[in-house]
Every structure is written in structure tokens, then in C-alpha cells.
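# Fold and contact review
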Amino acid sequence: MSSSIANTRSEVWRARVGSALRTTLACTIAGCSSLYGPAPLRRYLEFPSFMYATTVLIVSDATLGDTLRGCWHVLCSNIQVMVLSLLSLQLIGPHNFTNLVAALAMAGSAFAVALPESTNLVTKQLAFGQLVNVYVSTVVTGPEGGVAIHPIHVVCSTAFGAVASVLAMLIPFPLLAYYEIRKLYRLYAKNTCERFDCNIEVISASDNSTAVSFLTQAKSLSTTGDRLHQSITSKLDGMHWERTKVFNRHWIDPEEKQLDLELPIRAMGIALSNCTSFPVGVIDEELRGVLHNCRGQFSKKLNQRANCFDATTTSEMKKAILTKNLSIAYKDLPTSFFLYCVHLLLDDSPIVKKTDHVQGITQKSGDSRRSTRKVVMYLTPSYINLAFAFKSSLTLGLAVFFGLTYNEENGYWAGLLIALCFVTGRHPTFSLANARGQGTAMGSIYGILCCFIFKKIVKFSFLPLLPWVIFSSFLRYSRMYGEAGGIAAITGALLVVGMKHHDTPSQFALARIIEATIGLLCFATVEILFNHCRAATLAKSELSQCLRSLQDCIDKIAFINPTKREMAFSSCQALREGQNKLKSLVGQLEEFTLEAELEPNFWFIPFHSACYRKMLESLSRAADLLLFVAYSMENVMLLSQKNGAFWVDLHDRVNENVRTFKNKVGPTLKFLEEITTKKSPRKLENELNRNIPCDIETQEYPNADAFRVRSGDEEVDSITALFSHI
């Protein structure tokens, strides 16, 4: 096993254990304060259920910066809840609150919370839960508490949950995002070095078996690198909240540096996948020696960068690599592209970032358009946000009404469970509801067992919850339960043991499970009403949009005209914007594919996930290559300004390659897009004059060989090779 893979696994294990222990510490602080704290403090912590939920939501998998951001979300939600709840209670009056009035007040307040575009999702989730507590408590207690008492208690309980989270992040030492990212970045740099070494070994391999062995190792390293990249990205917001940039003059944006490393490394893998055989004929002993020497230079550069987040070194091999690349450019395109990527890595070339010349051309017009767009965006809610507001409003209103109707005293739980479920856009509804339901049941049963075992020493019944919190924290990383199920399992046990209630623990747990089921049924029903299209159908539609977007990007690859150089710069900018759009669409296609894999089939045709996964891989590869096309064209333009003779000699050959590429790829993409837009197999059968008896997504064709011009792998390899020509 690679050393970077082993180190990454141990680091992931350490981080998860640390997160579980800090979650346990935060819950312990919150629980002990609500059960055994001073009487003046306990008088304001009347809603321990939501205090636990707030603590788990903020502290799980967090750093100090993430926790500070969570405290800001708590402050924003407290302000919203105080304004909305006091206004509703003052206008309606606590004595007029019935089940129906509480449900209507909940629906109206939830709509007001969910509608603003700029409010963070965590703030909305916290506000939903707080409003459920306020309105249900008003129904249960009636006019006894007055107008302000319930909102104040809810806000204080939520705020104390945030305080417990901050204390858990500070004890025994502060968990800073900056040091966590720095640690992960060192692992990522080591992983990148090993991937680079493996790719060099593959291209230099003397036989096919050696090349296959190193290719397999490179794929494993790539998977680990992707996980490290995601971990670093997830902690960036926390680092910004810690303001570490102010205290570290060497600080640079690690995300940008990661992309500049990741793209050439991935492109090297694309080039190797297009090599027909090993050993590669154009790799002579001289070039093999240069490539092996590059490994040490690249490793040294990454080690320096990982230590201080900013380092630049020069390489004497760059000229040799470039010279060799030019000599074999038209003999072996995959090898030429591989050498080009090596040169980019050694040269620290910012592929993702536009060149200064292009930035200067487009900055002024872009700034004015961007500022206008921001104003319009903040003033006008989008369709997605309107749908989210209506969905959350209706769901919470129904959950509160039916929860109070079934059991007024325990009517909280129907709305509280789903308050933290909401996300903007689509998500796997049945999978999420199932995970929350199972987590709630498991946690409640464990809580009952704790109460039964420690019924004679009630003061210590909180102790057996600590290992359960640790265990449930690990459930968050499982595929079966995920974050939703893990949080539900933690809170399920905490609410049975960690708060005072009038019923016996078993009666309370049973009532809570039934109320949770009511809430989840409301949640699933409204989700189906608002998102009635299956994820499989949306994935098919999104695939069509991805193909159309890829076609648009290819159309934006401009022919070089010596008399219109500024137009070429603007076309490069347009290509980068098109690539960003394509990358966004591919990301959405991946989300729909994941949801379609998790949703039940019912009476529909099973979703063919393998087909979509293969298309996702090909589209992601195309999106990466488009960035190289834009970067190369920008550099060609800059070189042409310095050397006119170079421009005249080059532009005919480049235009011929672009023309060949467009003629080859354009019809294929258009044909594939037309196929994906056909809703009925019969229509496609009539148009193609072929017998296709079942849905396209199943890929079950009796005459599939006649339908395809060539196999998918051959087509992808052909298109990838044409990208290298440009």
C-alpha cells in the first residue's frame, strides 16, 4: 500500500475520533447544564431537545472557524424567531392558539424565514426548529406563559447550545481550520507526488505488465486525492472565519493551488489511457532519464509549498521537456500531451486562472454586469427559493397540525425532526426519511435501555449516553445512515435520557417515534408533490443539457485570424465561461444520478446507473480538457504578439486541427443529444428505422451493434485524441 494512502487513512480515523469526542464533550456540557446546572440557568433552558440538536448540528465534523460560523447562524436565527414569533403571538394572542392556528402561524413564519435568498440554509433550519417549539408550547401551555416567555426560553436554549459547541472546540486545545488544512495539504502534496511518480513510471515502462501495475496504483492514489481535495475544500470556510490570513504573510488560497496541481495530473492520466501499447516508442533513454529526474524536482517543489503554503522553484528540465515535446508532437499525440502536462506542473502554470491580458479585456464589462446581477438576485427570489419556501411552509404546517392532533403534549417531535431535513433543490427523499426514521428508533430504544438499567440511580443515567454519542458520530459517515441518520440517532437517545418528561421513558419514546413518523410522512408527501419528476427522468434531461453545453463549448473554439486577434481573446473568455457552465451541469448530473441510484424503482424501469456513470466520467474528462484548450489558445495569442512570424507559421496548422475536430465531434454530439431528448422508444424507432423494444436507459437492444457506429470507449478515445490535436 502507498504511504500516502496509509497516512490518509490514519488521518481520517484520527479526525473522526476527534470529532466524535468533541461532539460528546459538547453534549455533556449541554446535558449537565440543563440537568444539574444552577437553578437560574436551568430556568432559561426549558428546551433541552433543541439545545442538543443545535450542539450536534454545529459541532459535528467542525473546526473552531466552523463553530464560530455556526454561532453567527444561531444569532441570525434568534433574531428572526424573536421578531416573527413575538409579532404572531401579539397579533393572534396566546389564548387563541389552537392546533389549526398554530399550524397556520407555523406555515406563515416558515415561509418568511425560507424566502430570503441570502440567508444561509443552517440559519433557516435552526429558525424552523425554534418556531416549532414556540408555537407548540403556546398551544400546550395556553395563555399562562404570556407572549414573550416561550420565545425567550427557545432563544436561550439555542444560544447555550452554541456556547457548548464553542467550549468543546476550545477544550483541551483549539481545533483551528488553518492547521487542519495545512495537515491535509501536506498529505495531498505527498499524494500528488506519488501520482506523478506513478504516471512517470507508466510512460517509461519497459513492458505492458509494469505499466498496468503502476496505472492501477495511480487510480487508487487518485481516489484518495479526490477525498483529500474534498476535505480541504470543506474546511476553507472555517479558515476564513478564523482570519488566519491576517496572521500569516505566507498564506495563499490552497484551493486555487490544488486545482493547478490536480488538472495536469488528471490530464496525464487521460493521456496515458490513450496510449495504445507499452513501452511507448517515442520515449528514448534520454527522455526517460529527463522524466525520472523531474520526479525529484517536482517532489522538492511540493514539499516546500506544503510547508509554507507558498513556494516557487525553477527547473532546468523544463527546456529539455519542451524541446522533446516539440520534436514528437505529431508522431505520438498522447505522449506529447503527457509531456505538455509535465511542463505545466514544473512551470507552475495557472491553468484555471485567466491570463492577465484576458482579465484586462473583460474585467470592466464583467464588473458592471456582476454588480447589476447581484442587486437583481437579492431583490428577486429565484424559482428554486420560492419552491423551497412553499415546500417548507406546507410541510411544517401539516406536521405541526397532525402532530398536535395526535398527541398535544408531544406534538413537538413531528415538526422538530423534519425542521433540520430541509435543503434547497432536490435530494433523495425516501433515503433521507428512512435514515432519519431508523436513527430515531435506534436512539430511542437505546435511551429506554439506559433508563431501565440505571432506574435506581437516575443521576448517572446520562453516563451510558457518552459511548452512544461516539458510536452515532461514526454512523454519520456510513452509506446506510449518512448525516441525517447519525444526527437522529444521537438526538433520539439524548431526548429520552437527557431531559425531564412526565411519562415513563418507554411511553415517551413510543410517542416520539409515532410523532416522528407523522412528520416524515408529511415530509415525504410534500416532497413528492413538489418534486414529482423522478430523478432518473431528470438525469436523462440533464444529460441532454450537458451534451448541448459541450457542443456550445466546442463551437466557441475560434479559428485563428491574424487580423482579428482581440476577437480570439474574447473567444477564449467565452470558452472558459462555457466550461464553467458545463462543469456545473456535470455536477448536477452527478447529483441526479446519485439520487436516482438511491430512490426506489416502484413500477418504473430500473435506473441504469453504470451507463450514466460512464457518461459522467467522459463529460468530466471533456470539461477538464476544455480548460487546456482555452489556456493554450491564450498563450498562443500572447506569443503571436511577440513574434509575428511565429503567428503566420502557426495559425494555418491550428485552424486545420480545429476544423477537423469540430467536423468529427459536432455530428456525434448532436446525434447523442437527439437520442437523449426522445421520450418514447417508438419515436426513436420511427426516426432511426430500427427496432428498439425497450427504454434507452436500460441499454437492452437486440441490434445494439447495428445501432452504434463504434463502441463507446473507441468513440471517447477518438474524441480525446482530437482534443490533443488542438
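Here, every reference points to the structure presented above.
On a predicted model such as this, the values are computed, not experimentally measured, just so you know.

Across its full length, the protein chain holds 29 helices and 0 strands. Out of the 726 residues in the protein chain, the part that is buried amounts to 51%. In the protein chain, the share of contacts with a sequence separation of at least 24, taken over all contacts with a separation of at least 6, comes to 82%. Accessible surface, the protein chain as shown: approximately 33700 Å² in total, 60% of it carbon and sulfur.

Its 27 residues give helix α9 (residues 208-234) an end-to-end C-alpha distance of 39 Å, which sits within 8% of 39 Å, the value for a rise of 1.5 Å per residue. Those residues of α9 not exposed but buried are A211, A218, L221, T224, G225, L228, H229 and I232.

This part takes up the environment of S392. Structurally, S392 can be placed in helix α17 (residues 383-406). Given a relative accessible area of 0%, S392 falls into the buried group. The contacts of S392, once residues within four sequence positions are left out, are A110, A114, F128 and F422.

Here we come to the nonpolar core. If you look at the biggest cluster of nonpolar residues, it comprises 77 residues, and the most contacted ones within it are M106, F128, Y135 and L396. When near neighbours in sequence (up to four residues on either side) are disregarded, Y135 contacts L84, S85, S88, F97, A102, A105, M106 and S109.

The next subject is unusual backbone geometry. Put simply, I171 and P172 share a cis peptide bond, and its omega is -5°. For P172, the position within the fold is in the loop between α7 (149-170) and α8 (177-203). With a phi angle near 55°, D61 is a residue other than glycine that sits in the positive phi range. Mapped onto the elements of the fold, D61 is located in the loop between α3 (48-59) and α4 (64-92). Taking relative accessible area as the criterion, D61 reaches 38% and is therefore assigned partly exposed.

As for its position among the elements, E542 is in helix α23 (residues 535-555). Look past the residues within four positions of E542 in its chain and what remains in contact with it is L585, Q588, L589 and F592.

Before going further, it helps to examine the side chain of S472. Relative to the helices and strands, S472 resides in helix α20 (residues 465-475). Exposure remark for S472: the relative accessible area of 0% places this residue in the buried category. In contact with S472, other than residues within four places in its own chain, are G486, A489 and I490.

According to the stated counting rule, one finds 13 salt bridges in the structure shown. Among the salt bridges present, the one from E262 reaches R266, with a minimum N-O distance of 3.7 Å. Within this pair, E262 and its partner R266 are both found in helix α12 (residues 254-273), separated by 4 residues, close to a single helical turn. Note on E262: relative accessible area 3%, which makes it buried. For R266, a relative accessible area of 28% gives the class partly exposed. Taking the shortest distance from any N to any O, the salt bridge between K391 and E527 comes out at 3.2 Å.

Let's shift gears to empty space enclosed by the protein. Under the criterion given, the structure shown has 2 cavities of 30 Å³ or more. Roughly 160 Å³ of volume is contained in the largest cavity. Lining the largest cavity are S49, F50, A53, W413, L416, L417, L420, R436, I487, T491, L495 and R512. Elements with a minimum of two residues in the lining of the largest cavity: α3, α18 (412-419) and α21 (482-497). Counted by class, the lining of the largest cavity contains 8 nonpolar, 2 polar and 2 charged residues.

The subject of this paragraph is the packing of helix α5 (residues 99-114) against helix α6 (residues 121-141). Each pair of packed helices can be described by the angle between their axes along with the distance between the axes. The interhelical angle for the contact between α5 and α6, taken along N-to-C directions, is 160°, at an axis separation of 10 Å. Viewed along their axes, α5 and α6 adopt a mutual orientation that is roughly antiparallel. Handedness of the crossing formed by α5 with α6: right-handed. Across from N99, A102, A105, M106, S109, A110, V113 and A114 in α5, the residues of α6 making contact are K124, A127, F128, L131, V132, Y135 and V139. Broken down by class, the residue content of the contact of α5 with α6 amounts to 12 nonpolar, 2 polar and 1 charged.

What follows concerns the packing of aromatic side chains. This model, assessed by the stated rule, comprises 12 aromatic pairs. On the basis of an interplanar angle of 55° and a centroid distance of 6.1 Å, the ring pair of Y412 and W413 is categorised as tilted. Judged on exposure class, the residue Y412 and its partner W413 are both buried. Members of the aromatic cluster, connected to one another through ring pairs, are F337, Y340 and F628. It is R16 that lies over the ring of Y477; its NZ or CZ is 4.1 Å from the centre. Directly above the ring of F173 sits R22, whose terminal nitrogen or CZ lies 5.1 Å from the centroid.

Criteria and cut-off values
Residues numbered from 1 in each chain as written. Predicted model: local features only at pLDDT ≥ 70, side-chain atom pairs only at ≥ 80, totals over all residues. Heavy atoms only, no water. Helix = DSSP H or I, 4+ residues; strand = E, 2+ residues; numbered from the N terminus. Buried < 20%, exposed > 50% of the residue type's maximum accessible area, 1.4 Å probe, protein only. Contact = heavy atoms within 4.5 Å. Areas by Shrake-Rupley, 256 points an atom, 1.4 Å probe, with all protein chains shown as cover. Expected span 1.5 Å × (residues − 1). Core = buried A, V, L, I, M, F, W, Y, C linked by side-chain atoms within 4.5 Å. Salt bridge = Lys/Arg side-chain N within 4 Å of Asp/Glu carboxyl O. 1 Å grid on protein atoms, 1.4 Å probe; cavity = no way out; pocket = protein on both sides within 12 Å on 5 of 7 lines; lining within 4 Å. Points joined across faces, edges and corners; volume = space filled by probe spheres on them. Nonpolar A, V, L, I, M, F, W, Y, C, P; charged D, E, K, R; others polar. Axes fitted to C-alpha atoms, helices over the stretch in contact; angles between N-to-C directions. Parallel < 35°, antiparallel > 145°, perpendicular 65-115°, else oblique. Left-handed = near helix turned anticlockwise from the far one by under 90°. Phe/Tyr/Trp six-rings, centres within 6.5 Å; stacked < 30°, edge-to-face > 60°. Lys NZ or Arg CZ within 6 Å of the ring centre and 35° of its normal.

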